[in-house]
Amino acid sequence: MKHNQILDKLATRHLVESIEEDVARLVWLAMSPPADGVAAYAMPRLLPRWNCVLNAGKDEVADLYKQKTILALAVVLHKYGVADKAITKKALTAVDKLNKAVALSDGFFRKTDQIKALIESEPEPLKRRPSYRDSLTFYRAGDVVAIQLGDVYYAAHVHEILRFNEAPLIELYDAEFSRRPALEEVLGKRAKGGPYNDGSERVEKFSVAGMRNVPDLANQFVLLGSGIKDMPSSSHLKEAVGLYSVMDLFGLMAAIQRMFRNRKA
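Per-chain numbering applies: the sequence of each chain, read as written, is numbered from 1 onward. With the structure being a predicted model, the display of local features is reserved for residues of pLDDT at least 70 and the display and counting of side-chain atom pairs for 80 or more, all residues being used for whole-chain, interface and lining totals. Side-chain measures were taken over the full set of non-hydrogen atoms in the model, leaving aside hydrogen atoms and water.

(A) Here's a closer look at the pattern of salt bridges. In what follows, salt bridge is the name for a side-chain nitrogen of Lys or Arg lying within 4 Å of a carboxyl oxygen of Asp or Glu. This model, assessed by the stated rule, comprises 13 salt bridges. Note that Arg-49 is salt-bridged to Asp-22, the shortest N-O span being 2.6 Å. Taken together, the positions of Arg-49 in helix H3 (residues 38-54) and Asp-22 in helix H2 (residues 13-30) put the pair 27 residues apart, joining distant regions of the chain. An identical accessibility class is assigned to Arg-49 and Asp-22; each is buried. Among the charged side chains, a salt-bridge network with shared partners connects Arg-13, Glu-17, Glu-21, Arg-25 and Arg-133. Under the DSSP-based scheme used, a helix requires at least four consecutive residues in state H or I and a strand at least two consecutive residues in state E, with every element numbered from the N terminus. Working definition: with a 1.4 Å probe on protein chains only, accessible area under 20% of the residue-type maximum means buried, over 50% means exposed, and in between means partly exposed.

Below is the structure:
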């Protein structure tokens, strides 16, 4: 049985497309020198994003959506030459749960053994870097977005959409939350600057490729409000070195960790 035949039976085209875009982007980067192994590069970046679905409470994400997500992750990773023991184990359980709930078609049920056999088989490493979809975003200027990293939430303001609806230009608020914040908890917060070796913080904005869907199918980026004209104040920050930094959403995660790790006590 082929990967796409399994993925088609999940009847969640947009979920599969979102996972595949993330995996393809990371595998592409991992196959570029000097990355040290595809799985070693991709998994620590992929899981913090999709764990926002897998580890969410039942009142936030339905269990069947979680099962479809873990199965889609396992199949897409296998398709791109990556295997993860924990994901494989959970995906095998997900097949049984989906069948028990009669969540998918008879065709899925009849192919259960073949689906499990593919997931458990050794994936074939890719011989060349994969392509992935062109960058596109459905965010708009004035959006305020919550961003989850592990158990901590951050927030960002979308200043504008660059090029031809390709990437939002965002600026982070100087705030951390232990739960997803409401819009009123974010508005009025100052802008978070980027730390420099001299101890100063400067204005820092990011053009983020891959920050695409509203709602985000990985549940990591959540729209809190739209049409917000009041931008976070950056009057306390030094002037920016450049206009903005260009990165993908995985680079943004690393940037957030860098910026808030250097917070002064």
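On we go from here.
(B) Structural detail: the environment of Leu-162. Tracing the backbone through its elements, the reader meets Leu-162 in strand E2 (residues 152-162). Residues Leu-162 and Met-247, spaced 85 residues apart in sequence, show a C-alpha to C-alpha distance of 13 Å.

(C) The arrangement of H2 in detail. Look at H2: 25 Å from first C-alpha to last across 18 residues, which is about the 26 Å you get at 1.5 Å a residue. Here H2 lies mainly inside the structure; 13 of its 18 residues are buried. For a helix, the expected span equals 1.5 Å multiplied by the number of residues minus one.

(D) Expanded view of a nonpolar patch on the surface. Patches draw on residues past 30% relative accessible area with no salt bridge. Two like charges within 9 Å are joined, as are two nonpolar side chains (Val, Leu, Ile, Met, Phe, Trp, Tyr) within 5 Å. Per-residue accessibility takes into account occlusion by the displayed protein chains alone, with areas from the Shrake-Rupley method and a 1.4 Å probe. The grouping of Phe-138, Val-214 and Leu-223 at the surface amounts to a nonpolar patch, some 240 Å² of accessible area in total. Summarising the element assignment, Phe-138 is placed in the loop between helix H7 (112-120) and strand E1 (144-149). For Phe-138, a relative accessible area of 46% translates into the label partly exposed.

(E) Layout of the side chain of Thr-112. Mapped onto the elements, Thr-112 comes out in helix H7. For Thr-112, the side chain forms a polar contact with the main-chain oxygen of Phe-109, separated by 2.7 Å. It only takes one pair of heavy atoms within 4.5 Å for two residues to be counted as in contact. Setting aside its immediate chain neighbours within four residues, Thr-112 contacts Val-95 and Asn-99. Polar contact is defined as a pair of N or O atoms within 3.5 Å, subject to the rule that within protein one atom must be able to donate a hydrogen and the other to accept it, and that residues adjacent in sequence are counted only when both atoms are side-chain atoms.

(F) Local environment of empty space enclosed by the protein. Here a cavity denotes a set of grid points, spaced 1 Å apart and computed over the protein atoms alone, in which a 1.4 Å probe fits but from which it cannot get out, and a pocket denotes an open set meeting protein on both sides within 12 Å along at least five of seven lines; residues with an atom within 4 Å of a point are reported as lining. Grid points are joined across faces, edges and corners, and a volume is the space filled by probe spheres set on the points. Counted under the stated rule, the structure contains two cavities of 30 Å³ or more. In this model, the largest cavity occupies a volume close to 70 Å³. In terms of lining residues, the largest cavity is bounded by Ser-18, Glu-21, Asp-22, Arg-49, Tyr-139, Gly-210, Met-211, Arg-212, Asn-213, Asp-216, Phe-221 and Leu-249. Residue type decides the class: Asp, Glu, Lys and Arg count as charged, Ala, Val, Leu, Ile, Met, Phe, Trp, Tyr, Cys and Pro as nonpolar, and the leftover types, Gly among them, as polar. In terms of residue class, the lining of the largest cavity is built from four nonpolar, three polar and five charged. Computed from the structure, the second largest cavity encloses a volume of approximately 60 Å³.

(G) Structural detail: the sheet that holds strand E3 (residues 167-172). Here a strand pair is declared whenever DSSP counts at least two bridges between the two strands. Ordered by their spatial adjacency, six strands build an open sheet running E7-E1-E2-E3-E6-E8, and the pairing between neighbours is mixed. The open sheet has two free edges, formed respectively by strand E7 (221-225) and strand E8 (245-248), since each of these has just one partner strand. Sheet twist, expressed as the mean angle between neighbouring strand axes with direction ignored, is 40°. Sheet analysis places E1 next to E7, joined by four bridges and oriented antiparallel. Where helices are involved, their axes are fitted lines through C-alpha atoms of the stretch in contact, as for all axes, and angles between N-to-C directions lie from 0 to 180°.

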